[in-house]
Amino acid sequence: MGNLTRRDLLKGLGLGSVVLASGGALAACSPNENETGGAAKTSSQGSSYQFAKRKSDIAGMTQTETDVLVIGGGGSGMTAAVRAAQTGASVICLEKNGFIGGDTVLNAGTMVATNSRIQKEVLNETQDSSDLLYEDIMKVGLEKNDPVLVRLLADNIGECIDWLTDDLKIAYDAAATQYPDHSASRQIGVVGRSVSFLDQMQALLAQNHGQLFTDVRASKLLTDDNGAVIGALGTDATGKEVTFNAKSVVLATGSFGANQELLPKSLDGYLFYGRDSDTGDGLVMGEAVGAATINLDLVKVYAQGVEKLPTKGLAATASSTAATNGHGAIYVNSKGERVVSEVGTLSDITNATVAQEDKILYLVMDEEAYAAYLAKSVEDKLIPSEASIEDWYSVSNNGKPIIVKGEDLSALAGQMDIDAEALAATVADYNEMCAAGKDTQFDKPDPVALKEGTYVIVEQKPRFATTLGGLKANENLQIVDAEGNPIANLYGAGCVVGGANGADSMTAMMQGWANFSGYTAGTNAAKNAGK
């Protein structure tokens, strides 16, 4: 959707028309699939999310003043607030939900650590460099990144990591999983996962005399006659309005993936599996004061989504992978054609899915593969029990089921709108290759045939949780207008700022960008406020 539609949405309907849902969180950055299991080796997996579950008391308050106003209490927002408060600035952080954390609370808290003390002393890496990190990020982002932001991070991330580990005394260690998209050893994870990080940041904000208001949603940026941002209007859960006057404002409101009004038409058919509160509040507020945008059509896409609710996806990657590893299962398109190796990379399978005209693949499984799919679904908490998957069989989207089961493969294909004759031929050809011990189509190692009996077909749609585009910022993380001029007093951090990760994010870069941009924006916002 273009800028005109968003501006019309703001002017005609008001920001309050953006759909919100309870229980979500204002996101610093949405979770990266590959970052959910990469916490530090010594991290505690038993942490519970119990911080900041309270109502803010703004009774009697109609107006207040602060040096730095941070809008959003996720990873980037809390980092910005703590950094600004450390300089001696008065800081207020607003969080629209009843608790802090955003999507940061869902991930392991992995970051890149180039040029940091921990990289040298813990990872024993001495060959990494800012230039090498820059090249890696741009390569994974398919060169669609904003080079200014990538260079900013590559040159300065070490300083941010040293601040976290040495100044704030937050414990990090080598990430438990070192993913191969890095050319050097630089992946670290916070001990105790992101819940521990957020807990410590909240305590640090209080120690540095910062104020945190939960259940207060910013709805509008306030400007003076020259267009400079001078604060924001906030509303609490009862509808009470408060004016927050500020010398600097940091937008840290996360992504816009849950807001269908803001998503481009190119994402039709993609399923959203992030938090319902990722509604693009900061994007809309920023555009309302003239902010430019970048890469609004780019999202972090994965395959193997199941549309349990309209436009909402379940992340069934682990289940699908279990079914295809050592079992009789193949991916086909609506034409009944096999289009990718079932044990290819996640990127291969994702690319094959989005390459289809209808943006959908189907996982065809025999009974043994389906048993593996079910077991992994329970283990991965996709479903509470194997019996509960029966609920899926009653779901129909646009007249088509999301899963079918039976012994007549042709009949099942008909129900899923797959070419039945072509599917039968594909299965026969595949089974012949398995009997010969060689997948001559995609070179899948040790292919396993689909056994006759009960078959199950489940849809596989592209899904996303993270929008990669947003407001455009300069090297100081000042939000800029269409001519590249900074909008006075306005800064951005986290996913509300677009361009850092291009068309895709390298592992550890989502939370890495959240924390680094929060650190940088907090530093510069405080300086702008005279601190």
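Provided above is the structure to which this section pertains.
Now for a quick tour of the structure.

The rules behind the values
- Residues numbered from 1 in each chain as written.
- Predicted model: local features only at pLDDT ≥ 70, side-chain atom pairs only at ≥ 80, totals over all residues.
- Heavy atoms only, no water.
- Helix = DSSP H or I, 4+ residues; strand = E, 2+ residues; numbered from the N terminus.
- Buried < 20%, exposed > 50% of the residue type's maximum accessible area, 1.4 Å probe, protein only.
- Contact = heavy atoms within 4.5 Å.
- Areas by Shrake-Rupley, 256 points an atom, 1.4 Å probe, with all protein chains shown as cover.
- Pairing = 2+ DSSP bridges.
- Axes fitted to C-alpha atoms, helices over the stretch in contact; angles between N-to-C directions.
- Parallel < 35°, antiparallel > 145°, perpendicular 65-115°, else oblique.
- Left-handed = near helix turned anticlockwise from the far one by under 90°.
- Nonpolar A, V, L, I, M, F, W, Y, C, P; charged D, E, K, R; others polar.
- Phe/Tyr/Trp six-rings, centres within 6.5 Å; stacked < 30°, edge-to-face > 60°.
- Lys NZ or Arg CZ within 6 Å of the ring centre and 35° of its normal.
- Salt bridge = Lys/Arg side-chain N within 4 Å of Asp/Glu carboxyl O.
- Polar contact = N/O pair within 3.5 Å; in protein donor to acceptor, adjacent residues only side chain to side chain.

The next thing to look at is the overall build of the chain. Scanning the chain for helices and strands turns up 13 helices and 22 strands. Considering the chain as a whole, with its 531 residues, one finds that 60% of them fall into the buried category. In the chain, 76% of the contacts between residues at least 6 apart in sequence involve partners at least 24 apart. Carbon and sulfur atoms make up 48% of the accessible area of the chain, which amounts to about 19900 Å² in all.

Time to look at the sheet that holds strand S5 (residues 187-190). With respect to topology, three strands assemble into an open sheet ordered S3-S5-S4, the strand pairing being antiparallel. What marks the edges here is a single partner per strand, and that holds for strand S3 (110-112) and strand S4 (172-174). Adjacent strand axes in the sheet meet at a mean angle of 40°, parallel and antiparallel pairs treated alike. Packing against the sheet, helix H5 (residues 147-167) makes contact with S3, S4 and S5, and its axis sits at approximately 130° to S3. Packed onto the sheet, helix H13 (residues 509-528) meets S3 and S4 and runs at close to 75° relative to S3.

In contact at an axis separation of 9 Å, helix H4 (residues 130-140) and H5 are set at 140° when each is read in the N-to-C sense. Overall, the two elements H4 and H5 adopt an arrangement that is oblique. Judged by the twist between their axes, the crossing of H4 over H5 is right-handed. Along the contact surface, H4 presents Ser130, Asp131, Leu133, Tyr134, Ile137 and Met138, while H5 presents Pro147, Val150, Arg151, Leu153, Ala154, Asp155 and Ile157. Its residues placed into classes, the contact of H4 with H5 shows nine nonpolar, one polar and three charged.

This brings us to the packing of aromatic side chains. Under the defined criterion, the tally for this structure stands at five aromatic pairs. Where Tyr373 meets Trp392, the ring centres are 6.5 Å apart and the plane angle is 85°; that geometry is what we call edge-to-face. Here the residue Tyr373 occupies a position in helix H10 (residues 367-379), and Trp392 occupies one in the loop between H10 and strand S16 (396-397), the gap between them amounting to 19 residues. Comparing Tyr373 with Trp392, the two get one shared label, buried. In this arrangement the basic side chain of Arg151 is found over the ring face of Tyr134, its NZ or CZ atom lying 4.4 Å from the centre.

What follows is about the pattern of salt bridges. Scanning all chains against the criterion turns up 21 salt bridges. Of the charged contacts, one joins Arg151 and Asp155 as a salt bridge, the two residues approaching to 3.0 Å between their closest N and O atoms. Of this pair, Arg151 and Asp155 both sit in helix H5, four residues apart, which is roughly one turn of that helix. Of the residues examined, Arg151 reaches a relative accessible area of 27% and is grouped as partly exposed. Accessibility expressed as a relative area gives 40% for Asp155, which makes it partly exposed. By sharing partners, the salt bridges in this structure join Arg338, Glu342, Asp439 and Lys444 into a single network.

Turning to H4, its buried residues are Ser130, Leu133, Tyr134, Asp136, Ile137, Met138 and Val140. Of the surrounding elements, those touching the buried residues of H4 are S3, H5 and H13. One or two residues past the end of H4 sits Leu142, with phi positive at roughly 55°.

Following both chains from N to C, one finds helix H2 (residues 75-86) and helix H6 (residues 193-207) inclined at 30°, their axes separated by 9 Å at the closest point. Taken as axis vectors, H2 and H6 run roughly parallel relative to one another. Considering only the axes of H2 and H6, their crossing is left-handed. Along the contact surface, H2 presents Gly75, Met78, Thr79, Ala81, Val82 and Ala85, while H6 presents Phe197, Leu198, Met201, Gln202, Leu204 and Leu205. A class-by-class count of the residues in the contact of H2 with H6 yields nine nonpolar, three polar and no charged.

Counting through the fold element by element, Glu342 comes out in the loop between strand S14 (329-332) and helix H9 (346-354). A polar side-chain atom of Glu342 sits 3.1 Å from the main-chain amide nitrogen of Tyr331. For Glu342, the residues in contact, after removing those within four places along its chain, are Thr324, Ala329, Ile330, Tyr331, Ile349 and Lys444.

Another point: the pairing of strand S13 (residues 312-315). Across three bridges, strand S12 (residues 299-309) lies against S13 in antiparallel orientation. Pairing of Gly305 across the sheet is with Ala315, part of S13. The antiparallel pairing of S12 with S13 creates a hairpin that spans two residues between the two strands, and Thr311 there sits at a positive phi of about 65°.

A few words on unusual backbone geometry. Comment: phi is negative for the bulk of residues other than glycine, and the bulk of peptide bonds are trans. Backbone geometry places Asn295, a non-glycine residue, at a positive phi of 55°. Here Asn295 lies in the loop between strand S11 (293-294) and S12. Note on Asn295: relative accessible area 18%, which makes it buried. Within the chain, Ala508 stands out as a residue other than glycine whose phi angle is a positive 80°. Mapped onto the elements of the fold, Ala508 is located in the loop between strand S22 (486-492) and H13.

For a regular strand, side chains alternate in direction, first toward one face of the sheet and then toward the other. When you tally the buried positions in strand S8 (residues 229-236), you get six out of eight residues, the bulk of the element. As defined by bridge partners, strand S7 (residues 216-223) adjoins S8 across seven bridges and the pair is classed as antiparallel. When the sheet's bridge partners are listed, Val216 is paired in S8 with Asp236. Where S7 folds back on S8, the antiparallel hairpin that results is connected by five residues, among which Gly227 adopts a positive phi of roughly 90°. Judged from the five bridges that link them, S8 and strand S9 (residues 241-251) form a sheet pairing that is antiparallel. If you follow Leu233 over to S9, its bridge partner there is Thr243. Remark: four residues form the turn of the hairpin made by S8 and S9, two consecutive strands paired antiparallel; Gly239 in that turn has positive phi of roughly 95°.

A separate point is the environment of Ser517. With respect to the helices, strands and loops of the structure, Ser517 is situated in helix H13. In sequence terms Ser517 and Ile157 are 360 residues apart; their C-alpha atoms lie 9.4 Å from each other. Those residues in contact with Ser517 that lie beyond four places of it in its chain are Ser76, Leu477, Gly492, Ala493 and Gly494. Within the local environment of Ser517, its side chain forms a polar contact with the backbone nitrogen of Gly494, the two atoms lying 2.8 Å apart.

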